[in-house]
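# Survey of secondary and tertiary structure
One letter stands for each residue in the lines below.
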Amino acid sequence: MAGVWTNNWNNMRRSMAAGIASTDLGVVYNTSGNAISSANVFYSQYPVAGPMSPLHGGRGSGGQGVVGVPFGTSDTTPAVTNNYLGEAFTSGLSYVDAVNGTETYNASTGVATRTDYVTVMNTAGEDKIVREWGIVGRLNGADVLLYRAVLDVPITLPQYYSLKLTITRTMQLEVLE
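So, a few notes on the structure that sits alongside this text. Throughout this description, residue numbers start from 1 for each chain and increase along the sequence as written. Note on the predicted model: pLDDT of at least 70 is required for a residue's local features to be given, and 80 or more for side-chain atom pairs to be given and counted; whole-chain, interface and lining totals, by contrast, use all residues. The side-chain numbers reported here are obtained from all heavy atoms of the structure, hydrogens and water having been left aside.

On to the overall build of the chain. A count of helices and strands for the chain gives 2 helices and 8 strands. Numbering goes from the N terminus for both helices and strands, where a helix is a DSSP run of H or I of at least four residues and a strand is a run of E of at least two. Mapped from its N terminus to its C terminus, the chain presents α and β elements in the order β-α-α-β-β-β-β-β-β-β. Under the scheme applied here, a residue whose accessible area is under 20% of the maximum for its type counts as buried, over 50% as exposed, and between as partly exposed, the area being computed with a 1.4 Å probe on protein chains only. A burial count over the chain gives 40% of its 177 residues as buried. Considering only contacts in the chain between residues 6 or more positions apart, those separated by 24 or more positions represent 70%. On the chain, roughly 9,400 Å² of surface is accessible, and the fraction owed to carbon and sulfur atoms is 51%. When checking whether two residues touch, look at their non-hydrogen atoms; a contact exists if any pair is within 4.5 Å. For accessible areas, the Shrake-Rupley method is used with a probe of radius 1.4 Å. Any residue's cover is judged against the shown protein chains and nothing else.

Spatial ordering of the open sheet is given by S1-S7-S6-S2, a layout of 4 strands whose pairing is antiparallel. Two strands bound the open sheet, and with one partner strand each, they are strand S1 (2-5) and strand S2 (71-72). What makes two strands pair is DSSP finding at least two bridges between them. Where S1 meets strand S7 (residues 142-157), 4 bridges bridge the pair, whose relative direction is antiparallel. In the sheet register, Val 4 faces S7, and the bridge partner there is Arg 148.

Let us now look at the side chain of Asp 116. You can see Asp 116 is positioned in strand S5 (residues 111-122). When its relative accessible area of 0% is taken as the criterion, Asp 116 is described as buried. Two N or O atoms count as a polar contact when they lie within 3.5 Å, although within protein this holds only if one can serve as hydrogen donor and the other as acceptor, and sequence-adjacent residues are included solely when both atoms are side-chain atoms. Separated by 3.3 Å, the side chains of Asp 116 and Arg 114 make a polar contact.

For the rest of this paragraph, the subject is the environment of Ala 149. With respect to the secondary-structure elements, Ala 149 resides in strand S7. Separated by 78 residues in sequence, Ala 149 and Phe 71 have C-alpha atoms that sit 9.6 Å apart. Residue contacts for Ala 149: discarding those within four places in its chain leaves Met 1, Ala 2, Gly 3, Pro 78, Arg 131, Glu 132 and Trp 133.

Let us now look at the environment of Val 120. Mapped onto the secondary structure, Val 120 falls in strand S5. Among the residues examined, Val 120 registers a relative accessible area of 0% and is labelled buried. Distance in space between the C-alpha atoms of Val 120 and Lys 164 is 6.5 Å, their sequence separation being 44 residues. The contact partners of Val 120, leaving out residues within four places of it in the chain, are Phe 71, Leu 93, Ser 94, Tyr 95, Val 96, Tyr 161, Ser 162 and Leu 163.

To pair, rings of Phe, Tyr and Trp, with the six-membered ring standing in for Trp, must have centres within 6.5 Å; the planes then decide the type, stacked if under 30 degrees apart, edge-to-face if over 60, and tilted in the middle. All told, the structure shown has 3 aromatic pairs when counted by the stated rule. Taken together, a centroid distance of 6.4 Å and an interplanar angle of 55 degrees make the contact between Trp 5 and Trp 9 tilted. The class of Trp 9 is buried, set by a relative accessible area of 8%. Here the aromatic rings of Trp 133 and Tyr 147 are separated by 5.4 Å at their centres, their planes lie at 45 degrees, and the arrangement is tilted. Of this pair, Trp 133 sits in strand S6 (residues 128-139) while Tyr 147 sits in strand S7, and the two are 14 residues apart along the sequence. A network of ring pairs unites the aromatic residues Trp 5, Trp 9, Trp 133 and Tyr 147 as a single cluster.

Structural measurements only, silent on function.
Here it is as structure tokens:
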């Protein structure tokens with residue numbers, strides 16, 4: 001499976017590291033392709049969603065019950081410039097369950113790990129072919145694509161069948177000399 005963290009995530013990360021909201025550090029685009037204003041971004045909704053943030057629930061102004069994992073049918077190779085899925089499902093795929101794992105941190109190795117699960121069901125009258133998925137965060141009340149992946153082999157999901165995606169994210173902090 002090929003996947004990439006988008007420029008949206010990279011630009012948000014640079015702004016957070018610098019401690020400022022500045023377009024000098026890069027522009028962030030919502031899933032409609034529109035630039036998001038950086039004014040007061042990190043003061044009004046800090047922390048913004050990132051790789052270790054929950055995939056379901058209170059993400060910024062998104063409120064409880066927001067699932068941040070869209071699925072789609074495009075097989076276009078992921079690129080850091082992606083602001084949305086190639087062909088996201090807008091109907092026929094219902095979220096059944098989303099479980100946020102607990103983040104663990106091993107101080108001796110500097111490794112943080114979090115495993116989350118998202119389950120969707122095909123409620124359409126026909127098979128759905130799943131080829132792509134992403135991780136979406138919230139910034140200034142707008143959905144922002146942070147990660148996009150394309151499956152090596154598409155999954156055909158018959159009507160009333162479910163698909164469970166397990167996402168394990170690991171981050172390591174290390175001291176360099």
